[in-house]
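Descriptive structure summary
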Amino acid sequence: MLHSYLTSLHGISLLLRILCGDDQATAQRLLAGSGIRLEDLQRPDRRITTAQEMRVYANALAERPDIGLRLGQRMHVSGYGLLGYTLLSSATLGDALDLALSYPALLGTYFELSLQREGDTVWMVAEGYRDRPELRVFNVEYCLASLKLICDDLLGQPLPLVGAQFGYPAPDYHAGYATSFPCPIQFGARRNAFGFTVDWLEHRLPLADPVTHHEMRERCRLLNSEFTANQAWVTRARQLLAAQLPAAPGLEELARQMRCSPRTLRRRLSEAGTSYQALLDGVRYERARQLLERERLPIHRIAEAMGYSETASFRHAFQRWSGVSPRQFRAY
């Protein structure tokens, strides 16, 4: 799995700061259909699904086609929490990038990232994107612009680039790419990547500290292990719930199917930043969204597929999940 089912609100918070400032009406419009409330942004421990995150990004993209680029240009290394500060204490740029790429779950990427050496040039390559195709360009821009900014932050100066490549036609706002990629840019390329000379991998980082780095790296390893283990529980629970809709099992039955006690299941889900009810709501919301987006089923039939005996109950639940009614969601 390239990325987790659950993610933090950091990217959404940054996006709203860029596009909305203190304008709550605009923020509400961008959050529409995601089930994320403005008050959720005040809770650093709050977790959202990647589907919710993608919904907000799609709303923002409809208003600002260049928002992926702008978002990446503001996602500093400090935005990656413990991993970011561990990268800052690395000995060299190469060490830091190797570490970042070894923990994709902590990096929160939607791509398979790799460093590919070609002669005297090293290319940071982002490939393997398998999520919503209409957000592919947005996610490429967000990913590569933020990775370039991370390199700049680590070095304490801009990383000189020899080239940048993008596997899609030049967008109308392509002039804005020069801010992140001040180098020859090729659109319609065979990959998404930026390149720099190999000697930069050995460049010493100004904040390198071997003692701090050793301690922080161990904490990263433990956090990644815990995160990966908890996500495995979340993934399995979601799979079982999704496979048994509309008659989803209750907590105790789900725990039995997962061969653990209800108490253990509650604890594992809590450690992953979620709960049984949140997972069930997420599975139902995802299925309902798919049916509303891809099929023209009547609302009452979708309610039945979700396990609701009354259409009104489904409408109320969907309004709670997404912030809009099923009919309004279908109209977006």
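Residues numbered from 1 in each chain as written. Predicted model: local features only at pLDDT ≥ 70, side-chain atom pairs only at ≥ 80, totals over all residues. Heavy atoms only, no water.

Another aspect to go through is the overall build of the protein chain. Along the protein chain, the regular secondary structure elements total 16 helices and seven strands. At 21 Å, the protein chain has a C-alpha radius of gyration in line with the 20 Å of a compact globule built from 332 residues. Dimensions along the principal axes, computed over C-alpha positions, put the protein chain at roughly 65 × 45 × 40 Å. The 332 residues of the protein chain split such that 51% are buried. Long-range contacts, defined as pairs at least 24 residues apart, comprise 68% of the intrachain contacts of the protein chain with a sequence gap of at least 6. Counting only carbon and sulfur atoms, one obtains 49% of the accessible surface of the protein chain, whose full area is about 15,900 Å². Positive and negative charge centroids in the protein chain, built from 39 and 35 side chains respectively, lie 7 Å apart. (Helix = DSSP H or I, 4+ residues; strand = E, 2+ residues; numbered from the N terminus. Rg over C-alpha atoms; globule rule 2.2 N^0.38 Å. Buried < 20%, exposed > 50% of the residue type's maximum accessible area, 1.4 Å probe, protein only. Contact = heavy atoms within 4.5 Å. Areas by Shrake-Rupley, 256 points an atom, 1.4 Å probe, with all protein chains shown as cover. Lys, Arg positive; Asp, Glu negative; His and termini not counted. Charge placed at Lys NZ, Arg CZ, Asp CG, Glu CD.)

Grouped together as the largest cluster of nonpolar side chains are 72 residues, with contacts concentrated most on Phe181 and Phe194. With eleven residues, the top contributor of residues to this core is helix α8 (residues 136-155). Here Phe194 is in contact with Val122, Trp123, Met124, Leu144, Leu147, Lys148, Leu159, Leu161, Gly163, Ala164 and Phe181, once residues within four sequence places are set aside. (Core = buried A, V, L, I, M, F, W, Y, C linked by side-chain atoms within 4.5 Å.)

Helix α10 (residues 210-243) packs onto helix α5 (residues 81-88) with a crossing angle of 150 degrees between their chain directions and a minimal axis gap of 9 Å. By the angle class used here, α5 and α10 are roughly antiparallel. Classified by chirality, the crossing of α10 by α5 is left-handed. Listed contacts from α10 to Leu82, Leu83, Tyr85 and Thr86 of α5 are His213, Met216, Arg217, Arg219, Cys220 and Leu223. (Axes fitted to C-alpha atoms, helices over the stretch in contact; angles between N-to-C directions. Parallel < 35°, antiparallel > 145°, perpendicular 65-115°, else oblique. Left-handed = near helix turned anticlockwise from the far one by under 90°.)

With that settled, the discussion passes to the sheet that holds strand β7 (residues 192-197). Spatially, five strands are ordered β3-β4-β7-β5-β6 in an open sheet, and the strand pairing comes out mixed. Strands at the two margins of the open sheet, each flanked by one partner only, are β3 (112-118) and β6 (185-187). Between one strand axis and the next, the sheet turns by 15 degrees as a mean value, whatever way the strands run. Judged from the six bridges that link them, strand β4 (residues 121-127) and β7 form a sheet pairing that is antiparallel. In the strand pairing of β7, Trp123 is matched with Gly195. (Pairing = 2+ DSSP bridges.)

With that settled, consider the state of the cysteines. In the structure shown here, the tally under the stated rule is zero disulfides. No disulfide involves Cys151; its sulfur sits 11 Å from the nearest other cysteine sulfur, which is in Cys143. For Cys151, a relative accessible area of 0% corresponds to the buried category. Not part of a disulfide, Cys220 finds its nearest cysteine sulfur in Cys151, a span of 17 Å. (Disulfide = S-S within 2.5 Å.)

This part is about the pairing of strand β5 (residues 163-166). A two-sided burial pattern is seen for β5, the buried positions comprising Gly163 and Gln165 on one face and Ala164 and Phe166 on the other. Across three bridges, β5 lies against β7 in antiparallel orientation. Looking at β7, one finds that Gly163 is bridged to Gly195. In the sheet, β5 pairs with β6 via three bridges, with the strands oriented parallel.

As a further point, take a negative patch on the surface. On the surface, Asp95, Asp98, Asp120, Asp199 and Glu202 cluster together into a patch of negative charge. As for its placement among the helices and strands, Asp98 is situated in helix α6 (residues 93-102). With a relative accessible area of 49%, Asp98 lands in the partly exposed category. (Patch = residues over 30% accessible without salt bridge, like charges linked within 9 Å, V, L, I, M, F, W, Y side chains within 5 Å. Salt bridge = Lys/Arg side-chain N within 4 Å of Asp/Glu carboxyl O.)

We now examine the pairing of β3. Of the strand pairs in this sheet, β3 and β4 are connected by seven bridges, and their pairing is antiparallel. Looking at β4, one finds that Ser114 is bridged to Val125. Here β3 folds back onto β4 in antiparallel fashion, the turn holding two residues, of which Gly119 has a positive phi close to 65 degrees.

What follows covers helix α1 (residues 10-19). For α1, the tally of buried residues reaches seven of ten residues, placing the bulk of the element in the interior. Looking only at α1, the buried set comprises Gly11, Ile12, Ser13, Leu14, Leu15, Leu16 and Ile18. Where α1 terminates, the next one or two residues include Gly21, which has phi positive at roughly 65 degrees.

Where α6 meets α8, the closest approach of the two axes is 10 Å, and the angle between their N-to-C directions is 140 degrees. Considering their axes alone, α6 and α8 lie oblique with respect to each other. α8 is crossed by α6, and the crossing has right-handed handedness. Facing α6, whose interface residues are Leu93, Ala96 and Leu97, α8 presents Cys151, Leu154 and Leu155. Residues of the contact of α6 with α8, tallied by class, amount to six nonpolar, no polar and no charged. (Nonpolar A, V, L, I, M, F, W, Y, C, P; charged D, E, K, R; others polar.)

Evaluated as defined, the whole model comprises 18 aromatic pairs. A ring pair is formed by Phe166 and Tyr168, whose centres lie 5.8 Å apart and whose planes are at 45 degrees; its orientation type is tilted. Grouping residues by exposure puts Phe166 and Tyr168 together as buried. Ring centres 5.6 Å apart and planes at 25 degrees place the aromatic pair Phe166 and Phe187 in the stacked group. (Phe/Tyr/Trp six-rings, centres within 6.5 Å; stacked < 30°, edge-to-face > 60°.)

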